[in-house]
Amino acid sequence: MNDQARLPRSTQLRPRPFLGRRAAHPGARLFALAAAAWFLAAAIPAQIPNDQCTKCHAQEWIGRMSPVELSGLVRIPPNQHPILRNPDQIKGLFVPDQTFKTSAHAGLRCIDCHRGIERLPHDQRLPVAACSDCHTDVEKTIATGPHKPDPAAPRRRPACSDCHGPAHAIPPAHAPRAYDESVRIVNACSQCHNGTNGLGFNPVETYRENVHGQGVLVKGLSISATCVDCHGHHAMLPVTDAASPIAPQNVPKTCGKCHQGIAEIYFGSIHGQHLLAGDKNAASCTSCHHSHGIGPINKPFLRDIVKECSHCHEELGESYLKSYHGKATQLGEYSVAVCSSCHGAHNILPPTNPRSNVAKANLVQTCRKCHPGANRNFVKYYPHAELRNRAKNPQVFWTWLVMTTLLLSVLAVFIPHGLMWFQRTLVERVRHPRGYHGASERERMLLRFNPVHRLTHALIIISFMGLVFTGFPLKYSYAHWAQQLANMLGGIHVMGIAHRVLAIITFTYAGIHAAFLAWFFAFRCPRPRLRYLIGPDSMIFNLKDLKDAFAMLRWFLWLGPRPRFDRWTYYEKFDYWGEMWGVLIIGGTGLILWFPTLFTNWLPGWIINCAMVVHSIEALLAASVIFLVHFFNTHVRPEKFPIDMVMLTGQISESEMEEERPAEYERLKQEGTLDRKVVAPVALHWRVLGAIAGVIAFTIGVALIILALSTELRQLFR
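Worth saying up front: this structure is predicted, and the values here are computed from it rather than measured.

**Q** Please give an account of the side chain of H384 that cites residues and values.
**A** Looking at the element boundaries, H384 is found in the loop between α22 (363–368) and α23 (394–431). Relative accessible area serves as the criterion here: at 18%, H384 is assigned to the buried category. Looking at H384, its side chain comes within polar contact range of the side chain of S319, at 3.1 Å. Discounting residues that sit within four places of it in the chain, H384 has contacts with L316, S319, Y320, H343 and K392.

Rendered as structure tokens:
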């Protein structure tokens with residue numbers, strides 16, 4: 001290319017003559033030639049080769065000169081004073097020859113950008129080099145975006161060098177991005193965007209903390225995404241603009257520039273298909289990974305993905321959170337299944353698609369990722385069971401309805417029973433200001449419970465309190481108090497181990513009691529055994545219990561005397577059989593939940609859903625009966641407050657038996673066996689320790705049941 005062709009189009013010589021044929025006068029021709037020479041001298045810059053410029057600017061010494069020394073190297077017009085540049089400006093005058101030759105501008109002449117140089121030395125003041133002289137298309141693009149020049153703007157708009165760096169060192173467009181360039185881009189954007197935006201977060205801070213920012217700034221990965229990789233280079237269009245790379249419909253393509261394989265999988269998914277069909281609300285990359293707050297794909301991310309999926313799949317999200325998997329995630333457990341565990345991450349397809357992870361043909365393999373023994377029965381489990389949806393899961397619905405009815409029925413009977421009893425026994429407390437604890441030390445103590453009964457009761461206290469303490473946080477995992485309690489106990493993993501150990505203790509005391517009953521009926525039961533089973537010492541309900549219940553109601557209402565109880569009252573028998581029922585039902589369903597793949601070898605998977613409903617509601621029923629009904633009978637009754645020591649010591653005072661159980665007291669006297677039951681009183685310090693333990697258990701139990709029932713009520717009226 002000749003020098004003429006390198007000139008800007010506006011300054012290239014044109015073949016058309018300056019004079020027509022009629023201008024033949026010698027003076028006119030001479031004038032025209034002089035005018036042409038003047039025009040060429042003004043229009044064509046002096047042909048100064050680059051090696052003339054590098055004689056100074058490619059030498060390291062130029063960057064170390066003093067301002068005065070530097071002013072002696074340039075031409076100072078008569079009407080100007082010397083310009084004394086600062087050290088940074090002087091340092092920038094040094095352009096290593098190799099740096100320029102490897103830059104994007106290596107093919108240009110210095111004077112193509114630094115115009116106004118006609119001779120050397122050049123003037124001390126030169127026109128500012130304008131990138132727009134060559135990059136007119138970029139200038140037009142910038143002019144349409146938020147970074148367009150605006151003299152009225154409160155702060156300077158970004159210049160080309162802010163992102164691209166010094167013009168002499170700009171790498172070619174095809175060259176891999178260097179680490180310094182990535183850092184420069186981030187720092188350039190940070191100058192203006194390092195503050196809270198309209199969404200309430202700082203985009204610079206969140207970027208620096210996310211995987212892309214950490215990749216650039218901490219790990220030194222120049223290929224990690226920077227601001228311009230997502231927002232574009234020059235246009236920087238807002239998210240509301242359909243042409244913006246961060247517009248919802250364009251996000252997968254933008255992310256796909258780096259994550260190409262994942263983008264291909266995404267566009268084959270149900271979300272990608274909806275997006276391609278024009279649904280702007282379809283889930284895309286930022287729906288799950290966010291934009292600036294992109295974190296690593298670790299266990300906390302997978303746990304929190306449930307919240308993201310629930311934004312669109314609200315009903316499925318709610319049903320998931322009511323399952324064991326959902327409850328565990330709310331308590332911070334990372335190992336349980338979340339949405340992506342079953343449905344996939346980027347390859348999500350509807351269940352009707354044969355390639356879907358949750359298609360019927362693929363369910364067994366999907367479940368086996370966590371449950372190796374899963375089979376065709378196991379996958380009949382409802383992962384999104386809805387308790388009140390009879391059409392969707394009838395087995396679960398009926399189980400829930402029956403258990404809820406049982407719970408409400410029991411509470412509807414025994415809570416009013418306790419309240420009426422309380423108001424009635426206030427009178428008895430007035431008669432005995434210190435209750436039965438005010439008995440004289442010289443009063444005889446009678447044996448009521450032998451050691452095996454007290455041991456069984458101690459194991460019941462330990463296991464039941466522990467089971468409630470470790471089970472309620474899971475049942476009410478959505479409540480703040482439950483999450484705090486779970487954290488205090490060490491998390492759901494520790495709670496799960498403790499819960500199973502306590503369950504073994506429950507089976508142990510049930511076994512001890514069963515063995516005692518077998519031994520008793522074989523060797524110690526009075527003959528005939530049938531008469532004993534229906535007699536006053538039996539725990540089996542009889543007609544007298546029904547009569548006592550009605551008499552007790554009349555006494556509550558001040559309509560009759562208090563019934564004359566024998567060894568066991570109707571409410572004590574209710575406690576006993578309630579405990580037996582609870583061990584059977586809660587223990588049995590607990591085993592199903594403990595070993596789901598074992599039981600589904602011969603039972604359908606929905607039995608796991610039903611077992612969870614029964615286990616949960618029966619546990620609440622048991623806790624309610626123990627902490628509201630039983631604790632009232634043994635702790636809160638005015639004549640018993642603050643604690644009934646009979647089960648702890650195994651002893652009852654003679655006056656208490658005579659008043660509480662007059663039928664038994666008179667029967668023992670008639671039989672002549674009363675004196676045989678007299679025992680030495682338990683030492684005071686043991687009674688004090690027992691009372692302290694009982695009060696602690698009472699306080700914890702009442703606090704837990706209040707939290708549980710208040711949470712149930714909030715859910716009911718939500």
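**Q** Talk me through the packing of aromatic side chains; I want residue IDs and the actual numbers.
**A** One pair of aromatic rings is described through two measures. These are the centre distance and the angle between the planes. Per the counting criterion, the structure on display carries 26 aromatic pairs. Ring geometry for W421 and F556: centres 6.2 Å apart, planes at 35°, overall tilted. Of this pair, W421 sits in helix α23 while F556 is found in helix α28 (residues 543–556), placing the two residues 135 residues apart along the sequence. Assigned by exposure class, W421 and F556 land together as buried. Consider the rings of Y576 and W577, whose centres lie 5.1 Å apart with planes at 85°: the pair is edge-to-face. Relative accessible area serves as the criterion here: at 39%, W577 is assigned to the partly exposed category. Connected via pairs of aromatic rings, a cluster forms that spans W421, W555, F556, F565, Y570, Y571 and F632. Here R448 stacks its cationic end above the ring of W568, 5.0 Å away from the centre of that ring. Here the basic side chain of R562 rests over the ring of W555, its NZ or CZ set 4.9 Å away from the ring centre.

**Q** Break down a nonpolar patch on the surface for me, with residues and values.
**A** Taken together, the side chains of L684, W686, V688, L689, I692, I696 and I700 present a nonpolar region at the surface, about 680 Å² in accessible area. When its relative accessible area of 45% is taken as the criterion, I692 is described as partly exposed.

**Q** Describe the sheet that holds strand β3 (residues 678–679), with residues and values.
**A** Spatially, the three strands line up as an open sheet ordered β2-β1-β3, and their pairing is antiparallel. The sheet is open, and its two edges are formed by β2 (651–653) and β3, each paired on a single side. The sheet contact formed by strand β1 (residues 445–447) and β3 spans two bridges and is antiparallel. Paired with M445 across the bridge in β3 is V679.

**Q** So what's going on with the packing of helix α24 (residues 451–475) against helix α25 (residues 480–488)? Which residues, and what values?
**A** With their axes 8 Å apart at the nearest point, α24 and α25 run at an angle of 130° to one another. Considering their axes alone, α24 and α25 lie oblique with respect to each other. In this structure, α24 meets α25 at a crossing whose hand is left-handed. Only W481, A482, L485, A486 and M488 of α25 make contact with α24, whose side of the interface consists of F469, F472 and P473. Tallied by class, the residues present in the contact of α24 with α25 amount to eight nonpolar, no polar and no charged.

**Q** Go over the pattern of salt bridges with me, naming the residues and quoting the values.
**A** The final tally for this structure, using the stated rule, is 25 salt bridges. For R444, the salt bridge identified is with D675, shortest N-O distance 2.9 Å. Of the two residues, R444 is situated in the loop between α23 and β1 and D675 in the loop between α34 (662–671) and β3; the sequence distance between them amounts to 231 residues. For R444, a relative accessible area of 31% gives the class partly exposed. According to the relative accessible area criterion, D675 is exposed, its value standing at 54%. Across the pair E656 and K640 runs a salt bridge, and its minimum N-O distance is 2.4 Å. Here E656 is found in helix α33 (residues 654–660), whereas its partner K640 is found in the loop between α31 (606–636) and α32 (646–649), with 16 residues between them in sequence. The exposure class of E656 is buried, given its relative accessible area of 7%. Through salt bridges with shared partners, a single network forms among R448, R567, E572, R661 and E664.

What counts, and at which threshold
Residues numbered from 1 in each chain as written. Predicted model: local features only at pLDDT ≥ 70, side-chain atom pairs only at ≥ 80, totals over all residues. Heavy atoms only, no water. Helix = DSSP H or I, 4+ residues; strand = E, 2+ residues; numbered from the N terminus. Buried < 20%, exposed > 50% of the residue type's maximum accessible area, 1.4 Å probe, protein only. Polar contact = N/O pair within 3.5 Å; in protein donor to acceptor, adjacent residues only side chain to side chain. Contact = heavy atoms within 4.5 Å. Phe/Tyr/Trp six-rings, centres within 6.5 Å; stacked < 30°, edge-to-face > 60°. Lys NZ or Arg CZ within 6 Å of the ring centre and 35° of its normal. Patch = residues over 30% accessible without salt bridge, like charges linked within 9 Å, V, L, I, M, F, W, Y side chains within 5 Å. Areas by Shrake-Rupley, 256 points an atom, 1.4 Å probe, with all protein chains shown as cover. Salt bridge = Lys/Arg side-chain N within 4 Å of Asp/Glu carboxyl O. Pairing = 2+ DSSP bridges. Axes fitted to C-alpha atoms, helices over the stretch in contact; angles between N-to-C directions. Parallel < 35°, antiparallel > 145°, perpendicular 65-115°, else oblique. Left-handed = near helix turned anticlockwise from the far one by under 90°. Nonpolar A, V, L, I, M, F, W, Y, C, P; charged D, E, K, R; others polar.

By themselves, these are just geometric observations and shouldn't be taken as functional.
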